[in-house]
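# Architecture at a glance
Chain by chain, the residues run as shown.
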Amino acid sequence: MPRPTDYLIDGYVCHLTHRCHNRDFHLRYTPYCNAYRKWLREGIRRHKVSVYGYCVTRNHVHVIVHADDHEAVSAMMHLAAGATAKQYNTRRGHLGSVWEHPYQCTLIETGDHLFECLVYVDLNMVRAGVVAHPRQWGWCGYHELVGVRKRYRLLDLDRLVAAIGMGDVTSFRRCYSEVLEEKLAAGRRSEEHTS
């Protein structure tokens, strides 16, 4: 049976999920979220990987990539996970695994499927009940997707917009913000009906 990372195929967009060992909350403190984001950014730079979205949660991460070269994507993920684990183990005096291996890989289609996957990833901490809106979570792609983050960016917005099939970044940002707000409003209405 193939391992999940065997589905990382050159030329496709992939949704990668990497969980902490035993689903422990190894990323619950800010320094480790910051470390993962920093090393993911460094991995993107070193290995020339196009990242479209991401979210660092307390016990797992999501990364949406265009896998031009599956070995480069693997090297990027290895760098981010390994450097973060090293920092965690050193600071916490932890022995043993920080991450489950391997990370999970799901191929996703460009266009609407990719757009929906971006929304899903950015709403991760809202669904978990940690924040009411993705703008309140500093470790996800939302801030770049809507144009708030200007420095230390990770996302390849021009390529993302082309993969989704939208004309320009401004149109994408407007549409993305509208869809996200609709999903948040629908979630609030659903909660009101179940209360």
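Everything below is about the structure printed above this text.
A brief structural summary. Since this is a predicted model, take the numbers as computed values, not measurements. (Residues numbered from 1 in each chain as written. Predicted model: local features only at pLDDT ≥ 70, side-chain atom pairs only at ≥ 80, totals over all residues. Heavy atoms only, no water.)

### Re the overall build of the protein
- The helix and strand tally for the protein stands at 7 helices and 4 strands.
- Sequence-ordered secondary structure for the protein, helices as α and strands as β, is β-α-β-β-α-β-α-α-α-α-α.
- For 195 residues, the compact-globule estimate of 2.2 N^0.38 gives 16 Å, and the C-alpha radius of gyration of the protein, at 17 Å, lies within 12% of that figure.
- Expressed as lengths along the three principal axes of its C-alpha atoms, the size of the protein is roughly 45 × 45 × 40 Å.
- A total of 195 residues make up the protein; the buried ones form 47% of that total.
- Sequence separation of at least 24 residues holds for 74% of the intrachain contacts in the protein that already meet a minimum separation of 6.
- Accessible surface computed for the protein: about 10,200 Å², of which carbon and sulfur atoms make up 50%.
- Each charge class in the protein can be summarised by its mean position, and for the 26 positive and 21 negative side chains these summaries are 10 Å apart. (Helix = DSSP H or I, 4+ residues; strand = E, 2+ residues; numbered from the N terminus. Rg over C-alpha atoms; globule rule 2.2 N^0.38 Å. Buried < 20%, exposed > 50% of the residue type's maximum accessible area, 1.4 Å probe, protein only. Contact = heavy atoms within 4.5 Å. Areas by Shrake-Rupley, 256 points an atom, 1.4 Å probe, with all protein chains shown as cover. Lys, Arg positive; Asp, Glu negative; His and termini not counted. Charge placed at Lys NZ, Arg CZ, Asp CG, Glu CD.)

### Structural notes on the pattern of salt bridges
- Summed over the entire model, instances satisfying the criterion amount to 5 salt bridges.
- Across the pair Arg 37 and Glu 144 runs a salt bridge whose closest N-O atoms are separated by 3.6 Å. In this pair, Arg 37 is assigned in helix H1 (residues 30–47) and Glu 144 in helix H5 (residues 142–145), connecting sequence segments 107 residues apart.
- Through salt bridges with shared partners, one network takes in Glu 42, Arg 45 and Arg 46. (Salt bridge = Lys/Arg side-chain N within 4 Å of Asp/Glu carboxyl O.)

### Examining the nonpolar core
- Counting 63 residues, the largest nonpolar core has Leu 16, Leu 114, Leu 118 and Tyr 176 as the members making the most contacts within it.
- Counting residues per element, this core draws most heavily on helix H2 (residues 70–92), which supplies 8 residues.
- Sequence-distant contacts of Leu 118, that is, excluding residues within four places in its chain, are made with Tyr 52, Gly 53, Ile 64, Leu 145, Leu 160, Ile 164, Phe 172 and Tyr 176. (Core = buried A, V, L, I, M, F, W, Y, C linked by side-chain atoms within 4.5 Å.)

### Structural notes on the pairing of strand E3 (residues 60–67)
- Burial within E3 is extensive, with 8 of its 8 residues counted as buried.
- Pairing of strand E1 (residues 12–19) with E3, which is carried by 8 bridges, proceeds in the antiparallel orientation. In the sheet register, His 15 faces E3, and the bridge partner there is Ile 64.
- Across 6 bridges, strand E2 (residues 50–56) lies against E3 in antiparallel orientation. Among the inter-strand pairings, Ser 50 is bridged to a residue of E3, identified as His 66.
- The turn linking E2 back onto E3 is made up of 3 residues. (Pairing = 2+ DSSP bridges.)

### Focus: the side chain of Arg 37
- Of the residues examined, Arg 37 reaches a relative accessible area of 8% and is grouped as buried.
- Beyond its immediate sequence surroundings of up to four residues, Arg 37 is in contact with Tyr 54, Gly 138, Trp 139, Glu 144, Arg 149, Tyr 152, Arg 153 and Leu 154.

### Brief notes about H1
- Between its first and last C-alpha, H1 extends 26 Å over 18 residues, near the 26 Å set by a 1.5 Å rise per residue.
- Where H1 is buried, its residues touch E2, E3, H2 and H5.
- Once H1 ends, the next one or two residues include Lys 48, with phi positive near 55°. (Expected span 1.5 Å × (residues − 1).)

### Description of a nonpolar patch on the surface
- On the surface, Ile 9, Tyr 12 and Leu 107 cluster together into a nonpolar patch covering about 250 Å² of accessible area.
- When you line up the elements, Ile 9 lands in the segment before E1. (Patch = residues over 30% accessible without salt bridge, like charges linked within 9 Å, V, L, I, M, F, W, Y side chains within 5 Å.)

### A few points about the sheet that holds E3
- In space, the 4 strands of this open sheet follow the order E2-E3-E1-E4, with antiparallel pairing throughout. Edge strands, defined here as strands with exactly one partner in the open sheet, are E2 and strand E4 (104–108). Along the sheet, successive strands turn relative to each other by an average axial angle of 15°, direction set aside.
- Note: E1 against E4, 5 bridges, orientation antiparallel. By the bridge assignment, His 15 is partnered in E4 with Thr 106. (Axes fitted to C-alpha atoms, helices over the stretch in contact; angles between N-to-C directions.)

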